[in-house]
Amino acid sequence: WEFNGSFHQPSAFLMMGIPGLEALHPWLSIPFCALYLTALLGNCVILVIIRRTQSLHEPMYYFLSMLAVTDLGLALCTLPTTLGLFWFNVRRIGFDACLTQMYFIHILSFIESSVLLAMAFDRFIAISHPLRHPSILTKSTVLKIGLAIVLRGMVSLLPIPFLLKRLTYCGRTELSHSFCFHPDIMNLACADIKVNVFYGMIILLSTVGMDFVFIVLSYILIIRTVVSLTTKEECLKALNTCVSHICAVLVFFIPMIGLSMIHRFGKNVPPLVNTLVAYTYLIIPPALNPVIYSIKSTHIREALLRALRRKR
């Protein structure tokens, strides 16, 4: 413990693995390695295919590239501490290193939420106004949207590390996960955390919460447009272009909402449930998104098969 002025600040935190299964950590690292390997290779393949295939240089696939980069970042943020704990039982993480990891985890989560909203907007324009789609979502517009997404995440979360550094910590240093999460660190403080709770809730609702609401509204408008189409084949064709995005939205938002509810209201929830939801939220989407788009997107699948044939 370090004494700094009028408050105590720990030099490090202790990370936790899966409660009750500590003896099985080396074996549990196998599925985690498989998920991380899938996330890293899958998203890199998506990026390479989009970059090398001229026909995929469209707004939909530009946004998919942003999603792949964000998923790579999320996987790389949690991989060192998670596998370090499972393989070598390295539980200690420095205070500043923990705040840095937490900041980037939350930024990338907010960016992923915003990218999913941008992809919903792209699908709405493509289905409702197909002739105006190229003129509305030009390359420069997509670039501006991407920059706005990154800046929103960085600026909105910038006060969080400073709000945590001002708190007094007095005894407990055990985190609930093998990575650093804002509510987890905040709850270790023995000072008044009302400002942290209020700011965290406001930021969560005004960013991720609003993104989810607008995604739902986008699909309500998309369904209204699809219903007005004349033939059943046109309806199915239009909806089929949204299946991958809907799966990505569900895979990301369901665990995130569950984890937020557990941290806010689930005081009596078993630690194992909290841990599993957290891992589902941060590891499953980066691993599943490239698989979903490789299976459901005809253009991605065909470009991947062409690349494999060229190598053979």
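So, a few notes on the structure that sits alongside this text. This structure is a prediction, so every number in the text was calculated from the model and none was measured.

Turning next to the side chain of T225. Summarising the element assignment, T225 is placed in helix α8 (residues 194–227). Using a relative accessible area of 18% as the deciding quantity, one classes T225 as buried. Within the structure, T225 has its side chain in polar contact with the side chain of S128 (distance 3.0 Å). Ignoring anything within four residues of it in the chain, the contact list for T225 reads I127 and S128.

Now for the packing of helix α3 (residues 95–128) against helix α10 (residues 243–265). Two numbers describe how α3 lies on α10: the axes approach to 11 Å, and their chain directions differ by 150 degrees. In this structure, the crossing between α3 and α10 has a hand that is left-handed. Taken together, the residues of α10 that come into contact with α3 (itself represented by S109, F110, E112, S113, L116, M119 and A120) are H245, A248, V249, F252, F253 and M256. Of the residues contributing to the contact of α3 with α10, the split by class is 9 nonpolar, 3 polar and 1 charged.

A separate point is the state of the cysteines. The full count for this structure, using the stated rule, is 2 disulfides. Linked covalently through their sulfurs, C98 and C180 form a disulfide whose S-S length is 1.9 Å. On the S-S bond that ties C98 to C180, the torsion sits near -120 degrees, and the link is left-handed. Of this pair, C98 sits in helix α3 while C180 sits in the loop between α6 (159–165) and α7 (182–186), placing them 82 residues apart in sequence.

Mapped onto the secondary structure, Y293 falls in helix α11 (residues 271–296). For Y293, a relative accessible area of 3% corresponds to the buried category. Considered as a pair, Y293 and L117 are 176 residues apart in the sequence and their alpha carbons are 17 Å apart. Those residues in contact with Y293 that sit more than four places away from it in its chain are L64, L67, M119, S244, H245, A248 and I300.

Counted according to the given criterion, the structure contains 14 aromatic pairs. Relative to Y169, the ring of F95 has its centre 5.7 Å away and its plane inclined at 70 degrees; by these criteria the two rings are edge-to-face. In this pair, F95 is assigned in helix α3 and Y169 in the loop between α6 and α7, connecting sequence segments 74 residues apart. In this structure, F95 and Y169 share a single accessibility class: buried. Measuring from ring centre to ring centre gives 6.0 Å for F252 and Y281, while their planes differ by 55 degrees; the resulting arrangement is tilted. One end of the pair, F252, is in helix α10; the other, Y281, is in helix α11, with 29 residues separating them in the sequence. In this structure, F252 and Y281 share a single accessibility class: buried.

Taken together, the side chains of M210, F212, V213, F214, V216, L217, I220, I257, M261 and F265 make up a nonpolar region of the molecular surface, amounting to roughly 890 Å² of accessible area. Of all the elements in the fold, those that place two or more residues in the nonpolar patch are α8 and α10. Broken down by element, the residue count for the nonpolar patch peaks at 7 residues, all from α8. If you trace the backbone, V213 turns up in helix α8. The class for V213 is partly exposed, based on a relative accessible area of 40%.

This next bit is on the packing of α8 against α10. Put simply, α8 and α10 touch, their axes get as near as 12 Å, and they point 150 degrees apart. The angle between α8 and α10 falls in the class roughly antiparallel. Along this stretch, α8 crosses α10, giving a crossing that reads as left-handed. Taking contact as the criterion, the partners of G200, M201, L204, V208, F212, I215 and Y219 in α8 are, on α10, H245, I246, V249, F253, M256, S260 and R264. Among the residues forming the contact of α8 with α10, the class breakdown is 10 nonpolar, 3 polar and 1 charged.

Cut-off values and rules
Residues numbered from 1 in each chain as written. Predicted model: local features only at pLDDT ≥ 70, side-chain atom pairs only at ≥ 80, totals over all residues. Heavy atoms only, no water. Helix = DSSP H or I, 4+ residues; strand = E, 2+ residues; numbered from the N terminus. Buried < 20%, exposed > 50% of the residue type's maximum accessible area, 1.4 Å probe, protein only. Polar contact = N/O pair within 3.5 Å; in protein donor to acceptor, adjacent residues only side chain to side chain. Contact = heavy atoms within 4.5 Å. Axes fitted to C-alpha atoms, helices over the stretch in contact; angles between N-to-C directions. Left-handed = near helix turned anticlockwise from the far one by under 90°. Nonpolar A, V, L, I, M, F, W, Y, C, P; charged D, E, K, R; others polar. Disulfide = S-S within 2.5 Å. Phe/Tyr/Trp six-rings, centres within 6.5 Å; stacked < 30°, edge-to-face > 60°. Patch = residues over 30% accessible without salt bridge, like charges linked within 9 Å, V, L, I, M, F, W, Y side chains within 5 Å. Areas by Shrake-Rupley, 256 points an atom, 1.4 Å probe, with all protein chains shown as cover. Salt bridge = Lys/Arg side-chain N within 4 Å of Asp/Glu carboxyl O. Parallel < 35°, antiparallel > 145°, perpendicular 65-115°, else oblique.

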